[in-house]
Amino acid sequence: MSKKPVPESRFIADRMLGTLIRYLRFMGYDTMSANGLAEGNAKEDTLLLMLAAQDNRILLTRDTELAGRGKEMAILIVSENVMEQVQQLIDRGLIERRLLMSRCSLCNTVLRGATQPEITGADYAPRDKKGLTFCWCDQCSRLYWNGSHGKHISDRIEGELKG
Ligand SMILES: [Zn+2]
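Note that the coordinates shown come from a computational prediction; the quantities given were computed from them, not determined experimentally.

About the thresholds
- Residues numbered from 1 in each chain as written.
- Predicted model: local features only at pLDDT ≥ 70, side-chain atom pairs only at ≥ 80, totals over all residues.
- Heavy atoms only, no water.
- Helix = DSSP H or I, 4+ residues; strand = E, 2+ residues; numbered from the N terminus.
- Contact = heavy atoms within 4.5 Å.
- Buried < 20%, exposed > 50% of the residue type's maximum accessible area, 1.4 Å probe, protein only.
- Pairing = 2+ DSSP bridges.
- Right-handed = clockwise from strand over helix to strand, strands pointing away.
- Donors = N, O, S within 2.8 Å, 3.2 Å for Na, K, Ca; no water.
- Tetrahedral: all angles 85-135°; square planar, octahedral: opposite > 155°, others 65-115°.
- Polar contact = N/O pair within 3.5 Å; in protein donor to acceptor, adjacent residues only side chain to side chain.

Chemist: Hey, could you run me through the environment of Trp 136 in this one?
Modeler: Residue position: Trp 136 is located in strand β6 (residues 134–137). Taking the C-alpha atoms as reference, Trp 136 lies 9.7 Å from Thr 109; in sequence the two are 27 residues apart. Setting aside residues no more than four positions away along its own chain, Trp 136 makes contact with Leu 111, Arg 112, Gly 113, Ala 114, Glu 118, Ser 141, Arg 142 and Leu 143.

Next comes the structure, spelled out in structure tokens:
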């Protein structure tokens, strides 16, 4: 009856893929960014490959040469359009079309349930809190709630993607 659970894909992405990184985090996928690494590291490509290998992450890149070096642990992202990029990963069977409020889109930290003082202390929270679930990023001290990712993004994930 229940499908066999597939191990959740984890990613590391190059600097060209900032928007895709945010979308993957909105979708609940553990996605490291090369932006978290030291800037201007001449050996950054090598570092990305090393991190992908040791952390069992799929390397996402727009760089043909890097994708070639990464062989089966790398994916060359072909489109510049973020929805087509997400669709490419769905078509490869690596991710599902979904929207989870489980990770901070800015820093990839797993969110936890927000406390009452955290909710009331956030002046950007909606005034009408009825029916909303609130989560908190300890790293960024940022409040999230269902809908805070923006209706725009959830509409696109639900409406434009196939599979
Ligand atoms: Zn965060």
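Chemist: Sorry if this is basic, but what is going on with the pairing of strand β3 (residues 58–61) here?
Modeler: Two faces, one strand: in a regular strand the side chains alternate between the faces of the sheet. In β3, alternate side chains face the same way, and those of Ile 58 and Leu 60 on one face and Leu 59 and Thr 61 on the other are all buried. Two strands pair when backbone bridges link them, and strand β1 (residues 11–13) and β3 are joined in this way by three bridges, in the parallel orientation. Note on β3: the bridge partner recorded for Ala 13 is Leu 60. Read from β3 through helix α3 (residues 64–70) to strand β4 (residues 74–76), the crossover connection turns out right-handed.

Chemist: Before we go on, may I ask you to explain the coordination of the zinc ion in this structure?
Modeler: Six octahedral donors around a metal ideally sit at 90 or 180 degrees from one another, while four tetrahedral donors ideally sit at 109.5 degrees. Those protein atoms acting as donors to the zinc ion are Cys 104 (SG), Cys 107 (SG), Cys 137 (SG) and Cys 140 (SG), and they sit at 2.3 Å. Around the zinc ion, the four donor atoms sit at angles spanning 103 to 114°, and that spread fits a shape best called tetrahedral. For the zinc ion, the donor residues sit on a single chain with the sequence spacing C-x2-C-x29-C-x2-C. With a relative accessible area of 0%, Cys 104 lands in the buried category.

Chemist: Just checking my understanding: could you explain the sheet that holds β6 for this structure?
Modeler: What holds strands together in a sheet is hydrogen bonding between their backbones, with the strands either parallel or antiparallel. Pairing is antiparallel in the open sheet, where three strands are placed in the order β5-β6-β7. Two strands bound the open sheet, and with one partner strand each, they are β5 (112–113) and β7 (142–145). Sheet analysis places β5 next to β6, joined by two bridges and oriented antiparallel. Bridging across to β6, Arg 112 finds its partner in Trp 136.

Chemist: Hey, could you run me through the pairing of β7 in this one?
Modeler: Relative to β7, β6 runs antiparallel, the two sharing four bridges. Of the residues in β7, the one forming a bridge with Trp 136 is Leu 143. What sits between the antiparallel neighbours β6 and β7 is a turn of four residues, in which Ser 141 has the positive phi angle 50°.

Chemist: Explain the side chain of Ser 79 here, please?
Modeler: Structurally, the position occupied by Ser 79 is in the loop between β4 and α4 (82–91). Within the structure, Ser 79 has its side chain in polar contact with the backbone nitrogen of Asn 81 (distance 2.8 Å). Those residues in contact with Ser 79 that sit more than four places away from it in its chain are Arg 62, Glu 84 and Gln 85.

This is a description of form; function is not addressed.
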